[in-house]
Every structure is written in structure tokens, then in C-alpha cells.
Amino acid sequence: MKTTKTLAFRMIAVLGLLTGPALFVADSHAAPAMQDVVSPGGIHAVLVQDAAVPTIRLSFAFDGGAAQDPADRPGVARLVAYLLDQGAGHLDSRSFRDQLDRLAIGLQFYAGPDNFYGYLHTLGSNKEEAFNMLGLALSSARFDRADVDRIRARELSWLDRKSTIPPLVGSRKAVEMAFPNHPYGRPDGGSVESIKAITIDDLRDYTSHVFAKDTLKIAVIGDIDPQTLGILLDKAFGSLPSKATLRPVPDVIATLPLRRVLVTLKNPQTEILFIAPGIPLGDQDYTAATLVCDILSGSGLSSRLFQSIRETRGLTYSISGGLRTLTHSALFVGHAASRSDRVGETTAAIEEDVRRMAETGPTEQELAIAKSHLAGSELLKMSEPGTLVGSILWSEIHRQPIGFGARKALIDAVTLPDAKRVAKRLWGNGVSMILVGSAANESIDSDHTQQQQP
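Just so you know, the residues in each chain are numbered from 1, in the order the chain's sequence is written. In view of the model being predicted, local features appear only for residues whose pLDDT reaches at least 70, and side-chain atom pairs are presented and counted only at 80 or more, with totals across whole chains, interfaces and linings using the full set of residues. Note: side-chain values were computed over all heavy atoms of the structure, leaving out hydrogens and water.

Enquirer: I'm lost on the pattern of salt bridges in this one. Help?
Expert: Where charged atoms from two side chains of opposite charge approach closely, those side chains can pair. The term salt bridge refers to a pairing of a side-chain nitrogen on Lys or Arg with a carboxyl oxygen on Asp or Glu at a separation within 4 Å. For the coordinates displayed, the defined rule picks out 25 salt bridges. Between Arg150 and Asp147 there is a salt bridge, and its shortest N-O distance comes to 2.9 Å. Of this pair, Arg150 and Asp147 both sit in helix H5 (residues 145–162), three residues apart, which is roughly one turn of the helix. Only protein chains enter the area calculation, which uses a 1.4 Å probe; residues under 20% of their type maximum are buried, those over 50% are exposed, and those in between are partly exposed. Judged by its relative accessible area of 40%, Arg150 falls in the partly exposed class. For Glu351, the salt bridge is made with Arg260, and the minimal N-O distance between the two is 3.3 Å. One end of the pair, Glu351, is in helix H12 (residues 343–360); the other, Arg260, is in strand E7 (residues 260–264), with 91 residues separating them in the sequence. In this structure, a network of salt bridges that share partners links the residues Asp283, Asp285, Asp418, Arg421 and Arg425. Starting at the N terminus, helices and strands are each numbered in turn, a helix being any DSSP run of H or I of at least four residues and a strand any DSSP run of E of at least two.

This is the structure in C-alpha cells:
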């Protein structure tokens with residue numbers, strides 16, 4: 001049975017689509033020094049050695065993710081992630097979980113669109129056992145039929161529940177619209193039909209193609225020295241194949257041909273998603289895009305949409321949005337919820353504010369506030385080891401600068417003309433709307449609106 005923590009993790013995974021963890025970490029004078037570690041077997045990691053707390057946190061990722069699922073069986077990567085800690089090597093599911101609990105080892109796996117992630121948290125005194133358990137899970141997962149059937153049944157139950165949660169229904173529809181005939185347009189968690197069709201051979205085939213040392217990125221923080229870490233890295237990852245055999249995933253620009261899609265769902269409110277093609281990480285306008293997104297729809301109380309839609313008009317409790325960056329594309333995604341009888345007013349107000357931002361861009365003061373907010377929020381993430389290790393991993397995956405100085409220079413270099421130009425680039429063609437709920441057709445402009453079932 002799913003715990004509240006598991007459900008929360010799923011919701012964050014689906015709704016937290018707007019940015020990666022942290023964009024940078026601070027300079028050495030403001031944070032523990034980072035050092036490159038290379039194991040005797042050639043495995044590379046970034047280490048922040050910190051003996052203040054006697055624990056070790058390790059985050060890692062392989063290239064691949066759900067984009068490597070077979071086209072006719074989406075959901076393989078997610079099933080693999082939920083099964084890796086359900087028995088490995090000589091340990092069946094109960095024995096594996098009992099050993100993790102006895103040693104207070106936290107071990108979790110997750111498959112995103114582009115990467116397969118793993119997280120290990122252990123007391124320093126149990127580090128050898130913890131790294132051995134991680135190695136067993138990655139190289140010798142059992143995929144016993146009873147465990148596969150149990151997790152499959154759990155996923156089918158979750159899919160049924162997802163179909164009644166408006167934000168998740170909207171997010172699913174958004175990627176279907178934006179990325180037709182592309183791996184990003186398939187459901188990461190699969191469908192009822194695909195989950196039923198997945199075989200144990202599919203699970204083993206995924207691990208054999210994706211889990212390899214050449215795409216592996218690792219970040220570690222905690223009470224461990226470089227030499228010891230190098231030895232343990234080989235224990236955990238040393239038996240993996242040298243090279244992954246990944247299916248090519250093409251770059252794609254999000255396509256949003258429809259102005260509105262209404263997905264009918266019984267709900268007292270209507271969930272509103274407003275989306276547009278984004279600006280990818282490697283683009284020279286990426287930093288400017290993060291700033292103008294923060295000005296228009298950031299999570300703070302000062303964003304234009306929050307002030308206009310909530311504070312001035314009282315149409316929603318919350319509204320926010322930002323960039324969803326993917327390895328091969330990007331998408332701007334915003335979301336709000338409104339009373340169904342006020343959906344037309346709410347969508348019209350959002351469209352008007354987006355149009356105004358595209359036409360005139362931000363003010364000098366708004367840009368200055370956004371720069372300060374971006375820098376400050378990222379620095380605050382430095383205070384928690386869990387967010388720090390995730391920040392380093394994100395930077396490693398996306399080949400982004402880790403040092404605060406380099407990242408702040410990119411932020412400071414964005415000028416007001418840059419911000420105005422990028423705002424027009426993002427929203428010059430407006431936004432597409434996905435409405436999930438029981439909004440009456442007469443409450444919205446029916447032009448270019450398509451009604452669908454979830």
C-alpha cells in the first residue's frame with residue numbers, strides 16, 4: 001500500500017516540472033569545498049566532504065529515463081525503479097527490505113523523462129553495507145514474479161487514481177499536446193494497457209541497456225574521505241557495463257496547435273494549465289528566460305500573475321509557472337485553479353497578462369528583483385545537504401557551472417533589452433490552455449476549443 005510519502009513524491013515528480021533542483025552552488029568561501037574523486041576503476045564523482053553530521057548522501061543518474069521505454073510499452077523505466085529495492089542477488093524482497101531497515105539505509109530510485117536516478121542515505125558507520133546493497137540492486141535485481149505482479153497491481157491502482165486528480169490529468173494532456181509522436185509525449189508511468197503488457201524480460205532489457213558507467217553522474221556529500229569513497233564507488237558501480245546502448249532521442253520543439261482543450265472531469269474547481277514552447281538549457285537565452293518566467297509567474301507573491309489574478313481579481317488561490325527543461329526540448333508550464341463558473345474570466349485575464357508581458361517585457365525594477373530572488377533562493381538551498389547534493393548532480397547532468405561566481409555572472413549579464421526580447425520569444429504567440437474540470441462551455445470562449453475525456 002502506498003504511503004503518504006510515496007504519493008507526495010509522485011505528485012512532486014509530476015507537478016515539479018518547472019526547473020531542475022538548484023542551478024548553482026556557492027564558492028568555496030561560502031560552502032564546503034568540492035573535489036573530484038576518481039575511483040581505482042575509473043568512476044568519477046563530485047564530493048563535498050563534511051564531517052559535521054555522521055551521514056553520507058549519494059545521488060546518481062544514468063542517461064536514459066522513460067524516453068528509453070519501448071514505444072508500445074511505456075512505464076518500463078518506472079516499474080524498474082520501483083522494483084530495484086524489492087530483492088537483489090541472494091536476498092529476496094523481504095530480506096532486502098529488512099536489511100535496509102536494520103541498518104537505517106535509505107535507498108530510492110526514480111525514472112524521469114531523460115534520466116534514471118538513485119538516492120542513497122546512510123550512517124557513515126554503515127557505509128560499506130550501504131554501498132554493497134546499492135551495487136546489488138543495480139547489477140543483480142531479482143525481478144521475482146511475485147514482486148513484479150505486486151508492484152504492477154500497485155501501479156494499476158495508481159493509474160486509476162491519477163485519472164481523477166485534475167493537475168495530473170492536465171500535465172499528462174500537456175505533454176501529449178506538446179510532443180506528439182515523440183518519447184516525451186508518452187506517459188512516463190505508462191497506461192493500463194502498457195503496464196499489463198510489460199514482461200520481466202522488458203525490465204531486464206531496460207537495465208542492461210541503460211545502467212552503464214559511461215553516462216553515470218554521481219554527487220556525494222558527507223563524512224567520507226576521497227580514498228574511501230573511491231573504493232566504495234567501485235563496489236557499487238564497478239560491475240556495470242562500460243557503455244550504455246541507448247535508443248536515440250531526437251531534439252524536438254514543442255508544438256501547440258490548439259488554443260484550448262477542455263477535459264471534462266467531475267470537480268468543484270477547474271484546473272487551468274497554460275503552456276507554450278520553452279527555451280532549452282543550452283540556449284544562450286536560457287538564463288534570461290528563467291528570469292522573465294519568475295517575473296511573470298514565479299512562485300513568489302510578487303509575480304505579475306499572482307498580483308493580477310489572485311490579489312487584484314480574487315480568481316484563484318494560487319498561480320505559478322516556469323520552464324520545464326528537458327534534454328531535448330523545453331516547455332513553459334503554468335497552472336492555477338478557478339471556480340468553474342469563473343473559468344472564462346480567469347483564462348481571459350491570464351491571456352491578457354501574458355500578452356502584455358510579450359509586448360512590453362518586464363520593467364527594470366522587476367528584473368532587478370528577479371535577479372536577486374534567483375540568486376538568493378539558490379543560495380538558501382545550500383543550507384540543506386539533500387538539496388546541495390541534488391544541485392551538484394543536476395549541474396553535472398546538464399553540464400552547467402557549479403560555482404556561484406560563474407552562475408551569478410550569467411544572471412548579472414542579462415540586460416533589460418535581453419529580457420524584453422526573450423519575453424516576446426516565449427509568449428509572442430500566446431499560450432495554449434488545458435482546462436480540467438466541469439467548466440461549462442458557455443463560460444469560456446469556444447473558438448478553437450476541443451472537448452475531451454481524461
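Enquirer: In this structure, what is going on with the pairing of strand E10 (residues 330–339)? I would like to understand it.
Expert: The two faces of the sheet receive side chains in turn, since in a regular strand these alternate between them. With eight of ten residues buried, E10 lies mostly within the body of the structure. Summarising the sheet, strand E8 (residues 269–277) and E10 pair through nine bridges and their orientation is antiparallel. Paired with Ile275 across the two strands is Val333, which belongs to E10. When DSSP finds two or more bridges between two strands, those strands count as paired. When strand E9 (residues 319–325) meets E10, the two strands line up antiparallel, connected through seven bridges. Counted as the bridge partner of Ile319 is Ala336 from E10. Between E9 and E10, which pair antiparallel one after the other, the connecting turn spans four residues.

Enquirer: Any chance you could explain helix H14 (residues 385–398) here in plain terms?
Expert: Here H14 spans 20 Å end to end across 14 residues, near enough to the 20 Å set by a 1.5 Å rise per residue. Burial analysis of H14 places ten of its 14 residues in the buried class, which makes it a mostly covered element. Taken together, the buried positions of H14 are occupied by Leu388, Val389, Gly390, Ser391, Ile392, Leu393, Trp394, Ser395, Ile397 and His398. In this analysis, two residues are considered to be in contact whenever any of their non-hydrogen atoms come within 4.5 Å of each other. At its buried positions, H14 is contacted by strand E1 (34–38), strand E2 (44–49), strand E3 (55–63), strand E5 (115–123), strand E6 (217–222) and helix H10 (286–297). A helix is expected to reach a length of 1.5 Å times the quantity of its residues less one.

Enquirer: Help me understand the packing of aromatic side chains in this model?
Expert: Describing an aromatic ring pair means giving the distance of the ring centres and the angle of the ring planes. The rule is short: rings of Phe, Tyr and Trp, with Trp giving its six-membered ring, pair when the centres are within 6.5 Å, and they are stacked under 30 degrees, edge-to-face over 60, tilted in between. A complete count under the given rule lists twelve aromatic pairs for this structure. One aromatic cluster is present, built from ring pairs that chain together Phe60, Phe62, Phe109, Phe116, Tyr206, Phe211 and Phe237. The ring of Tyr82 carries the charged tip of Arg154 above its face, separated from the ring centre by 5.1 Å. Lysine NZ or arginine CZ positioned within 6 Å of the ring centre and within 35 degrees of the ring normal marks a charge as sitting over the ring.

Enquirer: Looking at this structure, how should I read the confidence of the model for the chain?
Expert: One rule of thumb: low pLDDT means the predicted coordinates there are not for detailed reading. The pLDDT score gives, residue by residue, the confidence of the prediction method on a 0 to 100 scale. Per-residue confidence for the chain averages 88 on the pLDDT scale, and 88% of its residues sit at or above 70. Across residues 1–30, where pLDDT falls below 50, the model places 76 contacts with residues more than four positions away in sequence or in other chains.

Enquirer: Just to check I follow, could you spell out the pairing of E8 for this structure?
Expert: With respect to burial, E8 is a largely interior element, seven of its nine residues being buried. Note that E8 and strand E11 (residues 432–437) share five bridges and pair antiparallel. The partner of Phe274 across the bridge, within E11, is Met433.

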